[in-house]
Amino acid sequence: MHLQPHLTRPGQTGRGRIGRHETGSHQISRRGLLKAAGTAAGAVGVAAALPAAPAAAVGYAHPGLLHTGADLARMAAKVKAGAAPYTAGYARLTANRHAQSGWTANPQATVYRGSGSPQNYTILYNDLHAAYQNGLRFHVSGERAYADTTVAILNAWSAKLTSLAGSADRFLAAGLYGYQAANAAELVRDHAGFELERFRKMLTTVFSPLSESFLVGHNGAVITNYWPNWDLTAMACVLATGIFCDDGARVEQAVEYFKSGSGLGAVRKAIPVVHDDGLAEWLEAGRDQGHALLGVGLMGTFCEMAWNQGIDLYGYDDSRFLKGAQYVAKWSLGGDVAYTANTRAKGAVGGWSGSETASGAAGVDPAMTRPIWAMIANHYTKRRGLSAPYLTRIAAKAGPEGGGGDYGPNSGGYDQLGFGTLAFTRDRSTTSAGGSSTGSSPSVASPSLSPSPSASGAAGSGAAASGGSAAPSASAAPTGTEAGAAKSGGGLASTGATDLVAWTAATGLTALAGGLLLLRRRGRTRDGAEGRAAGGAE
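Worth saying up front: this structure is predicted, and the values here are computed from it rather than measured.

A few words now on the nonpolar core. Counting residues in hydrophobic clusters, the biggest one holds 128 residues, and the most contacted among them are Phe207, Trp282, Met299, Phe321, Trp373 and Leu391. Trp282 has contacts with Ala270, Ile271, Ala292, Gly295, Val296, Met299, Phe321, Gly324, Tyr327, Val328 and Tyr339, leaving out every residue within four places of it along the chain.

On to the pattern of salt bridges. Following the criterion strictly, the structure yields 18 salt bridges and no others. Asp169 serves as the salt-bridge partner of Arg113, at 4.0 Å between the closest nitrogen and oxygen. In this pair, Arg113 is assigned in strand S1 (residues 110-113) and Asp169 in helix H6 (residues 169-186), connecting sequence segments 56 residues apart. Judged by its relative accessible area of 1%, Asp169 falls in the buried class. Residues joined by salt bridges that share partners form a network here, namely Asp71, Arg74 and Arg426.

We now examine the packing of helix H5 (residues 144-160) against helix H7 (residues 196-217). The geometry of H5 relative to H7 is characterised by a closest axis approach of 9 Å and an angle of 55° between their N-to-C directions. It follows from the interaxial angle that H5 and H7 lie oblique. The way H5 lies across H7 gives a crossing that is left-handed. Residues Leu154, Asn155, Trp157, Ser158 and Ala159 of H5 form the contact with H7, whose participating residues are Arg198, Phe199 and Met202. Split into classes, the residues belonging to the contact of H5 with H7 amount to 5 nonpolar, 2 polar and 1 charged.

Now for the confidence of the model for the chain. Looking at the chain, the pLDDT average stands at 78 and 69% of residues meet or exceed 70. Taken together, the stretch residues 4-57 has pLDDT below 50 and engages in 139 contacts with residues farther than four places along the chain or on a different chain.

Turning to the side chain of Arg383, a few remarks are in order. Along the chain, the position of Arg383 falls in helix H13 (residues 373-383). Under the relative-accessibility criterion, Arg383 is labelled buried at 1%. Here the side chain of Arg383 touches Glu304 through a polar contact of 2.8 Å, side chain to side chain.

A word on the environment of Leu93. Residue position: Leu93 is located in helix H3 (residues 86-95). Note on Leu93: relative accessible area 0%, which makes it buried. Between the C-alpha atoms of Leu93 and Glu401, which are 308 residues apart in sequence, the distance is 9.0 Å. Ignoring any residue separated from it by four or fewer positions in sequence, one finds Leu93 in contact with Ala99, Gln133, Leu136, Arg137, Phe419 and Leu422.

In this fold, Arg200 is placed in helix H7. In sequence terms Arg200 and Phe244 are 44 residues apart; their C-alpha atoms lie 7.7 Å from each other. Among the polar contacts listed, one links the side chain of Arg200 to the side chain of Asp246, at a separation of 3.3 Å.

To continue, consider the packing of aromatic side chains. Summed over all chains, the structure comprises 16 aromatic pairs. With 4.6 Å between their ring centres and 35° between their planes, Tyr125 and Tyr414 make a pair best called tilted. Placement of the pair is Tyr125 in helix H4 (residues 121-141) and Tyr414 in the loop between helix H14 (389-398) and helix H15 (420-424), with a sequence separation of 289 residues. Relative accessible area serves as the criterion here: at 3%, Tyr414 is assigned to the buried category. A ring pair is formed by Phe171 and Phe214, whose centres lie 5.2 Å apart and whose planes are at 45°; its orientation type is tilted. With Phe171 in helix H6 and Phe214 in helix H7, this residue pair connects regions lying 43 residues apart in the sequence.

What counts and what doesn't
- Residues numbered from 1 in each chain as written.
- Predicted model: local features only at pLDDT ≥ 70, side-chain atom pairs only at ≥ 80, totals over all residues.
- Heavy atoms only, no water.
- Core = buried A, V, L, I, M, F, W, Y, C linked by side-chain atoms within 4.5 Å.
- Buried < 20%, exposed > 50% of the residue type's maximum accessible area, 1.4 Å probe, protein only.
- Contact = heavy atoms within 4.5 Å.
- Salt bridge = Lys/Arg side-chain N within 4 Å of Asp/Glu carboxyl O.
- Helix = DSSP H or I, 4+ residues; strand = E, 2+ residues; numbered from the N terminus.
- Axes fitted to C-alpha atoms, helices over the stretch in contact; angles between N-to-C directions.
- Parallel < 35°, antiparallel > 145°, perpendicular 65-115°, else oblique.
- Left-handed = near helix turned anticlockwise from the far one by under 90°.
- Nonpolar A, V, L, I, M, F, W, Y, C, P; charged D, E, K, R; others polar.
- pLDDT = per-residue confidence, 0-100.
- Polar contact = N/O pair within 3.5 Å; in protein donor to acceptor, adjacent residues only side chain to side chain.
- Phe/Tyr/Trp six-rings, centres within 6.5 Å; stacked < 30°, edge-to-face > 60°.

Okay, structure coming up:
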């Protein structure tokens, strides 16, 4: 069974479709494959661990990743009317150096991240943010020069890029830049001159295969070696690729992994403990603030893209993501939060092994922010009419949100596409939380693209400094003989970027201890049999 796209009014469901409020688990044929653990091949640019499946004969709503046609029309109308806070959000966009129509792409045949020469991944993410920002500016202003710039950037890269290489960080590059590339392209997919088929080929042969293989084999590591963010980047890439390419199999893989994947990015593992006060612990809060914010942003991005195709993951498992996001918001504002000590097993399958314990939530800098909150807060409070006081407070504090280039020069400042104040501020839905939402309409066309991009048929990563024993990477590197074993295993231990983001928290505290990831249940937990059957730690 494939997850079918949602091409009717929000809230409607059809036979064989997961509608916006159908959030229960579904048995899916590829589940056994998704839960299998194996060693991912080190080859770059080709599908390694997951056999290529033919695209399902389905059509998804376009534009329909982070922004629908209705969203883009709303932004343009609000800015034209001089409405706040849209005008402040648009001012952040137009002031960004990436959002200028004179931007010239610098495509590379191979992009390296983590190792290899040259370390040129900064070129890719700067170009992708320029493409996205110009595309967004086009939809708001109607000036075609910005769309032409987006098309030129994306065409240049699809004509030249053939592979991603480096250490384990190549998986981060595939995930982060894959979902960002798809979102930039979605803004101009029907614009004159855009090489749509060539771009699809780049997504499906360069970016998505690495992300798919990571979700299956985790680079040959034990399943808890990599923090949730690693899975979340891969999930975002696979979902975005599936929607952009009208590929139901990829959408199915990503959505099912969110619900019951074997790694720590699955929602019940990333958010393992739910408390009676409505907050739920974010696992990576035991690492550091910067990576916890990254994870919230990535999960929000994933949920928003799914929502725009009629799949409600925001509300999945009694709105588990809402509870986790509220927890991170309260903590980031300086509030006290509970944290259940846990120990993660680390190492390579059949190779070196170790463990790492997080004993409490890391310290925070209340001034630290990422452009992630407007999207999440507006969904829960405006679309759904739910109470989310910590999200409301932190979104107001973070606004107006900027984007890539506004949050530091290193990779962590480019992990989210941003501009949420402009893009996601919305009026409160006229329906209740249990009814059909009017907050998003995937089938409404953007009025400014020609031909019309209406709903069509089928054809931290930024590293943090740490004051504890955890390295500023997705997995602390082993020492001594472990390092030698890891080195021979394809760079398993090289799991974090080497650039330090100045505004990242430096107070994560961890300690080494033996054993697997064990979580004491405190208050009320929702880890069901499905999560246990996935083989990952709870």
